Amino acid sequence: MPNSSIKSKPTFTGFKKQAHEIMMKNVLRNGEGAYQLQHTGIANSGWSFGQLQWDLSSGNEYAKPLFKKILEGARNTKNKLLFSKKEATDLFKATIANASLSSPQRKKIDQALGSQYGRTCIDKQYSASLDKNINKINHIVEMVANPVDKSYLLQPLPKLFLFDYNNQYDISPNGAMERYLKGENAGWRFGQKQGDFDLVDL
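Residues numbered from 1 in each chain as written. Predicted model: local features only at pLDDT ≥ 70, side-chain atom pairs only at ≥ 80, totals over all residues. Heavy atoms only, no water.

### Here's the deal with the overall build of the protein
Part 1 of the reasoning: Along the protein, the regular secondary structure elements total eight helices and two strands.
Part 2 of the reasoning: Walking the protein from its N terminus toward its C terminus, one meets helices and strands in the order α-β-β-α-α-α-α-α-α-α.
Part 3 of the reasoning: Here the protein holds 202 residues, and 43% of them are scored as buried.
Part 4 of the reasoning: In the protein, 58% of the contacts between residues at least 6 apart in sequence involve partners at least 24 apart. (Helix = DSSP H or I, 4+ residues; strand = E, 2+ residues; numbered from the N terminus. Buried < 20%, exposed > 50% of the residue type's maximum accessible area, 1.4 Å probe, protein only. Contact = heavy atoms within 4.5 Å.)

Okay, here's the thing in structure tokens:
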């Protein structure tokens, strides 16, 4: 049977551990469903999986290659591939097209995601994704010229806010949030901060 939740605690430390804990609370209800196919039913959203709920209908650079890799490589307890090449290809195409899947199809996909191979692949990419997003936030904060603002934004709580915001909305280069953090006018959505940063500004 597939392992649908994160049973063992990751060996993350420092800010990465804090970022992980925020993701588990905000994205997966304390880790439930990381190794299952999920669908929110929200418009423009498709099937998703993993701790960060990689959307298979989006342009996420990891989601589709990782999902395909798992379908093609997952094995059962007798060390036999769960899917033939054709079965894996057909399921992959149907899932990324956001097609309706039968209960047996979903059950078998969940078996693949929850297999030892599936969990190893997902956990490895999750750790790498956390590192990449943390580095992105650090880089954004380093571009803040005001030393008082920069010092504030490097504290755990505002950094966690930016990390979570980026996971949901993606802080784009020279976008509204990045300009706002630099103290520039960010348009109607953010405006322009007044004085030094505090939690009210975020």
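### Side note on helix α3 (residues 85–96)
Part 1 of the reasoning: In a regular helix each residue adds 1.5 Å, so 12 residues correspond to 16 Å; α3 covers 17 Å between its end C-alpha atoms and thus fits that length.
Part 2 of the reasoning: If you check which residues of α3 are buried, you get A88, L91, F92 and T95. Seen along its axis, α3 keeps its buried residues to an arc of 105 degrees; they face one direction. Residues K86 and K93 are exposed on α3 and point more than 90 degrees away from its buried face.
Part 3 of the reasoning: Looking at the buried side of α3, the elements it contacts are α2 (63–73) and α4 (103–113). (Expected span 1.5 Å × (residues − 1). Arc of directions from axis to C-beta.)

### Examining the packing of α2 against α4
Describing two packed helices takes the angle between their axes plus the distance from one axis to the other.
Part 1 of the reasoning: At a minimum axis separation of 9 Å, α2 and α4 run at an interaxial angle of 95 degrees. By the angle between their directions, the pair α2 and α4 is classed as roughly perpendicular. Residue-level inspection shows F67, I70 and L71 of α2 in contact with α4, the latter providing I109, A112 and L113.
Part 2 of the reasoning: Each residue belonging to the contact of α2 with α4 can be placed in one class, and the counts come to six nonpolar, no polar and no charged. (Axes fitted to C-alpha atoms, helices over the stretch in contact; angles between N-to-C directions. Parallel < 35°, antiparallel > 145°, perpendicular 65-115°, else oblique. Nonpolar A, V, L, I, M, F, W, Y, C, P; charged D, E, K, R; others polar.)

### What about the nonpolar core?
Part 1 of the reasoning: F49, W54, F67, I70 and L71 are the most contacted members of the largest nonpolar core, which totals 50 residues.
Part 2 of the reasoning: Of all the secondary-structure elements, those providing two or more residues to this core are α1 (14–26), α2, α3, α4, α5 (116–142), α6 (147–153), α7 (156–169) and α8 (176–181).
Part 3 of the reasoning: If you tally residues by element for this core, the top one is α5, at eight residues. (Core = buried A, V, L, I, M, F, W, Y, C linked by side-chain atoms within 4.5 Å.)

### Notes on the pattern of salt bridges
Part 1 of the reasoning: The tally for this structure, following the rule as stated, stands at eight salt bridges.
Part 2 of the reasoning: Here E178 ties to K182 by a salt bridge, and the two come within 3.7 Å at their closest N and O atoms.
Part 3 of the reasoning: Residue class for E178 comes out buried when judged on its relative accessible area of 8%.
Part 4 of the reasoning: What you see here is one network of salt bridges that share partners, running through K68, E72 and K85. (Salt bridge = Lys/Arg side-chain N within 4 Å of Asp/Glu carboxyl O.)

### What about the confidence of the model for the protein?
Part 1 of the reasoning: Taken as a whole, the protein shows an average pLDDT of 87; of its residues, 88% reach a score of 70 or greater.
Part 2 of the reasoning: Per-element confidence in the protein is highest for α2, whose mean pLDDT is 97, and lowest for α8, whose mean pLDDT is 89. (pLDDT = per-residue confidence, 0-100.)

### Concerning the packing of aromatic side chains
Part 1 of the reasoning: Summed over the entire model, instances satisfying the criterion amount to seven aromatic pairs.
Part 2 of the reasoning: Plain terms: the ring middles of F12 and Y126 are 6.1 Å apart, the flat faces sit at 55 degrees to each other, and that makes the pair tilted. On the criterion of sequence distance, the pair formed by F12 in the segment before α1 and Y126 in helix α5 is long-range, its members being 114 residues apart. We note that F12, like Y126, is buried. (Phe/Tyr/Trp six-rings, centres within 6.5 Å; stacked < 30°, edge-to-face > 60°.)

### Looking at the packing of α2 against α5
Part 1 of the reasoning: Viewed as axis vectors pointing N to C, α2 and α5 meet at an angle of 160 degrees, and their least axial separation amounts to 9 Å. Accordingly, the angle class assigned to the pair α2 and α5 is roughly antiparallel. α5 is crossed by α2, and the crossing has right-handed handedness. Together, L66, K69, I70 and G73 of α2 and Y117, G118, C121, I122 and Q125 of α5 make up the contact between the two elements.
Part 2 of the reasoning: Looking at the contact of α2 with α5 residue by residue, the class counts come to five nonpolar, three polar and one charged. (Left-handed = near helix turned anticlockwise from the far one by under 90°.)

### Digging into the environment of Q53
Part 1 of the reasoning: Considering the arrangement of structural elements, one finds Q53 in the loop between β1 (48–49) and β2 (54–55).
Part 2 of the reasoning: Linking Q53 and Q36, residues 17 residues apart in sequence, is a C-alpha distance of 9.7 Å.
Part 3 of the reasoning: Engagement of the side chain of Q53 in a polar contact is seen with the backbone oxygen of G50, the distance being 2.8 Å. (Polar contact = N/O pair within 3.5 Å; in protein donor to acceptor, adjacent residues only side chain to side chain.)

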